[in-house]
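Residue-level structure breakdown
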Amino acid sequence: MKVSLNKITKKGKALYLAYDQGLEHGPSTDFNDKNVDPNYIINIAQKGKFQGIVFQKGIAEKYNSEIKKSKIPLIIKLNGKTSLYKGEAIARQLCTVKEAISLGAKAIGYTIYIGSSHESLMMHEFEKIEEEAHAKGLPIILWVYPRGKGIKSDTSKEIMSYASRVGLELGADIIKIKYGGNPDDLKWAVKSAGKTKVVVAGGPPALESALLKQTSDIIKAGAIGLAVGRNLWQNPKPFDLTKKIQKIIWK
Ligand code: FBP
């Protein structure tokens, strides 16, 4: 089913603020005194006029009035895992589509670890979620992260385009992939995604100049934007950096 991306894009492009790292990595790995507070993140999203803010269900629930007041579209990640788990990659559903809608979600997110011995389980779970979300008119952003014994590099040309294609084949509206730094490889990945739109993950903290160069590559390759977390809310001047990124995306 075709759903509209209007609520989570601007002129067909997007900059999303990702903040599920508290679950994925733990507070001591990524957070400081300021950005450990979800209100700090909501404030960045609101002032920076992001196209969406990504939370797990708990923050979406506990900070619901602040999120609603910010008017930034809420994107709820429906699955996740902690970094304490060391087995073959798997993230199971933690929130239903119904709950996400009741919390005011304008889109939902889900991660599939392709290459994991559990990938079929996540694909199957995703299918049910997708059916329900699309029936309710909710777009889906699918994080496609290659992971597992068979994956040597998660950003090689072959793997990046495979991740994109999986998004198209499974019916995601937008896929979020990791970028390895080769613009031609990304171009092929975007082409492989067909009518499914592509956004690129921010990744581990990088120099500002590297992030801006990456943003430019991403847009030139035909992706619609970025879903950034740490690189933005760990930056001492998140609003300045947001403006610089937006200038490149909406040039
Ligand atoms: P960052 O911009 O901070 O890398 O966030 C992007 C993201 O996809 C988050 O949504 C997620 O928490 C994190 O990366 C997971 O990354 P990994 O699985 O590689 O630890």
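Residues numbered from 1 in each chain as written. Predicted model: local features only at pLDDT ≥ 70, side-chain atom pairs only at ≥ 80, totals over all residues. Heavy atoms only, no water.

1. Quick word on the site of the ligand
Our working rule: Working definition: residue near molecule or strand if any one of its non-hydrogen atoms lies within 4 Å of it. Polar contact is the term for a pair of N or O atoms within 3.5 Å; when the atoms are in protein, one must be able to donate a hydrogen and the other to accept it, and sequence-neighboring residues count only if both atoms are side-chain atoms. Throughout, the ten residues Ala, Val, Leu, Ile, Met, Phe, Trp, Tyr, Cys and Pro are labelled nonpolar, Asp, Glu, Lys and Arg are labelled charged, and all others, Gly among them, are labelled polar.
Within the structure, the ligand sits among 15 residues, and Asp20, His25, Tyr145, Lys178 and Arg230 are positioned closest to it. Measuring from an oxygen atom of the ligand, one finds a side-chain N or O atom of Gln21 at 2.9 Å. Measuring from an oxygen atom of the ligand, one finds a backbone N or O atom of Gly202 at 3.4 Å. Its residues assigned to classes, the shell around the ligand comprises 4 nonpolar, 5 polar and 6 charged.

2. So, the sheet that holds strand E7 (residues 140–144)
In plain terms, the rule: At least two DSSP bridges between two strands are needed for those strands to be called paired. Helix numbering and strand numbering both begin at the N terminus, where a helix is a DSSP run of H or I of at least 4 residues and a strand a DSSP run of E of at least 2. Fitted lines through C-alpha atoms serve as axes, helices being fitted only where they are in contact, and the angles separating the N-to-C directions of these axes extend from 0 to 180 degrees.
Spatially, 8 strands are ordered E1-E2-E3-E6-E7-E8-E9-E10 in a closed barrel, and the strand pairing comes out parallel. When strand polarity is set aside, the average angle formed by the axes of neighbouring strands in this sheet is 25°. Alignment of strand E9 (residues 197–201) against strand E10 (residues 225–228), held across 3 bridges, turns out to be parallel. Its bridge partner being in E10, Ala201 is matched across the sheet by Ala227.

3. Some points on unusual backbone geometry
Applicable threshold: The rule is simple: take the accessible area with a 1.4 Å probe, protein chains only, and divide by the maximum for that residue type; under 20% is buried, over 50% is exposed, in between is partly exposed.
With a phi close to 50°, Lys49 is a non-glycine residue in the positive phi region. Structurally, Lys49 can be placed in the loop between helix H3 (38–48) and strand E2 (52–55). Judged by its relative accessible area of 62%, Lys49 is exposed. One non-glycine residue with positive phi stands out, namely Lys71, at about 65°. Tracing the sequence through the fold places Lys71 in the loop between helix H5 (64–70) and strand E3 (74–77). Take Lys71: its relative accessible area is 71%, and that puts it in the exposed class.

4. Here's the deal with the pairing of E3
Within a regular strand, the side chains alternate between the two sheet faces. Neither face of E3 is exposed, since Leu74 and Ile76 on one face and Ile75 and Lys77 on the opposite face are all buried. In terms of strand pairing, E2 meets E3 through 3 bridges, oriented parallel. Within the sheet, the bridge partner assigned to Val54 lies in E3 and is Ile75. With 4 bridges joining them, E3 and strand E6 (residues 105–112) adopt parallel strand pairing. Within E6, the residue paired with Lys77 across the bridge is Gly109.

5. Quick word on the packing of helix H8 (residues 157–170) against helix H9 (residues 183–192)
The following threshold applies: What sets the label is the angle itself: under 35 degrees gives roughly parallel, over 145 gives roughly antiparallel, 65 to 115 gives roughly perpendicular, and the rest give oblique. Crossing handedness is read from the near helix: turned anticlockwise from the far helix by less than a right angle, it gives a left-handed crossing, and turned clockwise, a right-handed one. In this analysis, two residues are considered to be in contact whenever any of their non-hydrogen atoms come within 4.5 Å of each other.
The N-to-C vectors of H8 and H9 enclose an angle of 20°; their axes lie 7 Å apart at closest approach. As summarised for this structure, H8 and H9 are arranged roughly parallel, according to the angle between their axes. Crossing angle aside, the handedness with which H8 passes H9 is right-handed. Across from Lys157, Met160, Ser161, Ser164, Arg165 and Leu168 in H8, the residues of H9 making contact are Asp185, Leu186, Trp188, Ala189 and Ser192. Residue composition of the contact of H8 with H9, grouped by class: 5 nonpolar, 3 polar and 3 charged.

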